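# Observations on chain architecture
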Amino acid sequence: MELLTLFFIVLIAAGLGLLIQWLPMRHQPMPPYPQRAPFLGGGLPETHAWSRYHVRYYPMTLLLIAFEMEMMFMYPWAVVFVEQGMKAVMEMGMFLAILSVGIVYAWREGVFKWQ
Amino acid sequence: MAVSWLSRLAAQASVPVFPVRGLHGEEAFYQLALTPGIELVDSPRHASILLVAGGVPPDQHDALRRVHDQLPAPFATLWYCSEPLAELASATRLDDPGALPGALMTIHRELMSGKRGSSPRLLPDEPPNPWEGLGDDGHGGEGMMGGVPYGRPMAMNMTDDLRDGLTLDSLTVILGPFLPMLPPGLSAKVTLQGDLIQSWTTRGAPYPIALESLFFQALQGPVPIAALERARARYHLKRLHFALRLAGLDRLALEALRLAFDSHLSLKGVAILRRRLMRSGFFRLTATGQGRLDEETARRAGGVAARAAGHEEDWRSEDEGYRQLGFLLLTQRQGDTAARWRQTLSEVEQSLQLAAQAEHEAVHTQRSDGVETPRGTWHRQWPEEASDLLDDLLPGLEWDEAMSTLASLDLAPLSPWSLEETGGAPITQDIGEESRA
Amino acid sequence: MILDELILPVLLVIVVLVVGAYLVAVLDEAIAGALGMPRATSVWTAPLAQGAWLLTQQANATEAPDWRAWRLAPALYLALAAIGLAVVPFSPTLIPTDLVTSVVLWGSVEALATVVIFLHGWSANTLLALIGAYRYVALGLSYILISMFVLIGVALPAESLQFSQVVASQEGLWNVIRQPLGLPLFLIVGLGMTFWGPLNLADSRDLARGTASAVSGPPRLVWNLARAAMLVPSAARRRAPSWAAG
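Quick look at the overall build of chain A now. Per the secondary structure count, chain A includes four helices and zero strands. For chain A, the α and β elements follow one another from N to C terminus as α-α-α-α. Put simply, chain A has 115 residues, and 41% of those count as buried. Of the roughly 6700 Å² of accessible surface on chain A, 73% is carried by carbon and sulfur atoms.

So, about the interface of chain C and chain A. Taken together, the 66 residues of chain C in the interface contact 51 residues of chain A. Both sides of the chain C and chain A interface together cover about 5200 Å² of buried area, and 76% of this is carbon and sulfur. Linking chain C with chain A are nine residue pairs in polar contact (both at pLDDT 80 or more). Residue assignment for the side of chain C that touches chain A shows that the elements contributing at least two residues are helix H1 (2-34), helix H3 (67-86), helix H4 (102-122), helix H5 (127-158) and helix H9 (218-245) of chain C.

Below, the discussion takes up the interface of chain A and chain B. Counting from both sides, the interface comprises 26 residues of chain A and, opposite them, 48 residues of chain B. Summing the contributions of chain A and of chain B, the shared interface buries around 3200 Å²; its carbon and sulfur component is 54%. For the pair chain A and chain B, the interface holds one salt bridge. The residue Lys189(B) makes a salt bridge to Glu46(A) at a minimum N-O spacing of 3.3 Å. The interface formed by chain A and chain B contains 11 residue pairs in polar contact (both at pLDDT 80 or more). Among the residues making up the side of chain A that touches chain B, the classes are represented as 13 nonpolar, nine polar and four charged.

Here we take up the domain arrangement of chain B. All names here are of chain B. Here the domain parsing of chain B yields domain 1 (2-113), domain 2 (141-204) and domain 3 (213-436). Carbon and sulfur atoms make up 67% of the area that domain 2 and domain 3 hide from each other, which totals about 1400 Å². Considering only the side of domain 2, the residues that lose the most area to domain 3 are Met 181, Ile 197 and Trp 200, jointly responsible for 41% of the buried surface there. Across the contact surface, domain 2 and domain 3 share zero salt bridges.

Core analysis: the biggest nonpolar cluster contains 79 residues, and Trp200(B) and Leu240(B) have the highest contact counts within it. If one sorts the elements of this core by residue count, helix H6 (residues 225-246) of chain B sits on top with six residues. In terms of nonpolar packing, the next biggest core, distinct from the first, is built from 74 residues, Ala79(C), Ala113(C), Ile144(C) and Ala229(C) among them.

Glycine aside, residues mostly have negative phi, and peptide bonds are mostly found in the trans state. A cis geometry characterises the amide bond from Ala73(B) onward to Pro74(B), with omega recorded as -10°. Along the chain, Pro74(B) falls in the loop between helix H3 (61-69) and strand S4 (76-80). For Cys81(B), which is not a glycine, the phi torsion comes out positive at approximately 50°. Its location among the elements puts Cys81(B) in the loop between S4 and strand S5 (92-94). One non-glycine residue, Asn125(C), adopts positive backbone phi at about 60°. Tracing the chain through its elements places Asn125(C) in the loop between H4 and H5. The exposure class of Asn125(C) is buried, given its relative accessible area of 6%.

Further remarks concern the environment of Ala81(C). By secondary structure assignment, the location of Ala81(C) is in helix H3. Expressed as a C-alpha distance, the spacing of Ala81(C) and Trp53(C), which sit 28 residues apart in the sequence, is 24 Å.

We now examine the pairing of strand S7 (residues 187-193) of chain B. Residues and elements named next belong to chain B. When you tally the buried positions in S7, you get six out of seven residues, the bulk of the element. Direction of pairing for S7 relative to strand S8 (residues 196-204): antiparallel, over a ladder of seven bridges. Note on S8: the bridge partner recorded for Lys 189 is Thr 201. In this structure, the hairpin formed by S7 and S8 is closed by a connection of two residues, where Gly 194 is found at a positive phi of approximately 65°.

As a further point, take the pattern of salt bridges. Pairing of side chains with opposite charge becomes possible as their charged atoms draw close. Residues and elements named next belong to chain B. Under the defined criterion, the tally for this structure stands at 30 salt bridges over all chains. The shortest N-O distance in the salt bridge between Asp 95 and Arg 93 comes to 3.2 Å. With relative accessibility at 43%, the residue Asp 95 sits in the partly exposed group. Residue Arg 316 is joined to Glu 347 by a salt bridge in which the shortest nitrogen-to-oxygen separation is 3.9 Å. Pair noted here: Arg 316 is in the loop between helix H11 (303-308) and helix H12 (320-324) and Glu 347 is in helix H13 (residues 337-361), with a separation of 31 residues, a long-range link. An identical accessibility class is assigned to Arg 316 and Glu 347; each is buried. Each of Glu 229, Arg 232, Arg 307, Asp 314, Arg 316, Glu 347 and Glu 372 takes part in a single network of salt bridges with overlapping partners.

Calculation criteria
Residues numbered from 1 in each chain as written. Chains lettered and ligands numbered in written order. Predicted model: local features only at pLDDT ≥ 70, side-chain atom pairs only at ≥ 80, totals over all residues. Heavy atoms only, no water. Helix = DSSP H or I, 4+ residues; strand = E, 2+ residues; numbered from the N terminus. Buried < 20%, exposed > 50% of the residue type's maximum accessible area, 1.4 Å probe, protein only. Areas by Shrake-Rupley, 256 points an atom, 1.4 Å probe, with all protein chains shown as cover. Contact = heavy atoms within 4.5 Å. Buried area = accessible area lost by both parts, 1.4 Å probe. Polar contact = N/O pair within 3.5 Å; in protein donor to acceptor, adjacent residues only side chain to side chain. Salt bridge = Lys/Arg side-chain N within 4 Å of Asp/Glu carboxyl O. Nonpolar A, V, L, I, M, F, W, Y, C, P; charged D, E, K, R; others polar. Domains from an automatic or database assignment. Core = buried A, V, L, I, M, F, W, Y, C linked by side-chain atoms within 4.5 Å. Pairing = 2+ DSSP bridges.

Dropping the structure here:
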């Protein structure tokens, strides 16, 4: 039931967002080409803006996945932590030890050096 | 009826104005930044009025037309101390700085109530390149490559990345001369890889800046040092305003501007500003050594930039009047963006200190064969225009670093006319107090 | 039953979404006024007037935008804000949807916000908006990391991923005292995620307002609305403990 409610909330909020855009715009003509040109202070681009971009933080995104995986495990772990006590600490310690190998590797590859 | 109710409400909104800063037009915007009910926006898409302040050279009229056409309807134009484009002959022109805020508000209200129609489009409604139906995939090229899909070519890998040599797409654009984060008038052809600047070719120099008439008088005969130093402090505070606004520190930016327009500008106000700047991390944001000028370029840039790089270049140390006041030349060593701002702030404080002292002793300048302008030494010749040094300085920087470096450099040439002569806003002493009340 | 569990919560969230966004805008105006920004109209009408103006303004288009993504992005950001609100405990008993995994849900909202903001800047096919989008992705990663640790810190003592349990666990001792770092960190994440004030780096001035630089009119209104609405759950989340105590 809660999920259904949530579903309706998402649906209505997104619908509201689209409706506010669509209602005033329905009779609007398409803006002319000079208006549609990208704003560069009077200058013009030579190409489209979409491009293959050098994602300099790409290794960092990989690192984020390492952390995210940790979170996947940490969520349920957080629930039973107080109940399990020492055992939970050791389990998480083991998991983090394995994970930190990945982080150390990333470090060696120079992820933390921006550029 | 619902529509009229909506537009009546919309008429009450603060007036979003997109500033086009023409020749000697900047003073008007300082004044507007302090005016309640006017909002200077950063993109023409967010504006309902295009305000052109100051003249625009004829070769930049096309660029102006493009910016004009980029405002979404309904919008209007206002020309302050500027001749409207030929097609817009009936547009409103205004030369009185005091009437500017009122005129903007009236125009906005008239636009919303429908009394004033939207400004006409100036450029023909044509795509940049026709593309449909040509070539293998209808984009005008061969196979998957080339052509002009949707009017423009796609980005192609032209250059190797500056940092690690990876070859990816680069974007070449022409920026300016009315881009709000660049100095007015500066235009450049820039190649970007993502937000990294690969190459920068300055195409148009920034517009000349008008100094207060005191600096011109100093070349004719002795002038009171107190007034001269206050004028210098004002100049630097206005530049600081621009940089702080760019960094998103709006409140501090306004504080700097209010100080600049404060008739009782004192050391105390600047000390408070310095403390707040320290706390806001403004100096730390730019502390990575970016925008460092080497010795030769720093000398060319002159003024604050030269002294921030360690050059002991200041006409004031040649002047007997200043020596009498115990003028001490301040320098920094690093020569980067942060050093330039530290130097600027120190010089503002020093100027106010000198002013207070000189007022007390009624000291005048002694030599009139030269003067230290805020832009650099003016002796025999003007401080030269140096915007082409950007071509070597900016490549390799990311967009935000490049913009903050640009804001910290004062490269525009000096105007042969003084601020008072250019019809620009007078040194309005009460703006600061008015808006504070 | 349908009324209690479906219609009322949905209504509550939508009302809080709109009213909350409006109050955030009012508060923003008021703070700006108190800090010395020049202001003409009253703080109460200024956001409404601004909204009305955006409704009358023509919606801009770019040369070849990704239409669907461009129009969807603001709406999706608003939907994410609504999800955030749906799991906020307004009082110990009044929670629109008291999911068992609401902590996880909030974590995913933060991750998805990164996607939506990127989409908003990318789909315009305009240089300055594109740079803003890339910039946010780089920052968003750091925001996610910070907030993850705060969220886990909240879940640990509660032994649950349910916000109602989190609130209940604070009856004896508030989390603000137990984990003093949590609150400021969470506020930073909240401001960063909605790029508000000094943390406005995706829609900043040096990019002519970044991802929003190419939009005007109604789409911009929705974008501004969504940003303000997103700030509501971020702020409300931390208000929760005080109700628990009261």
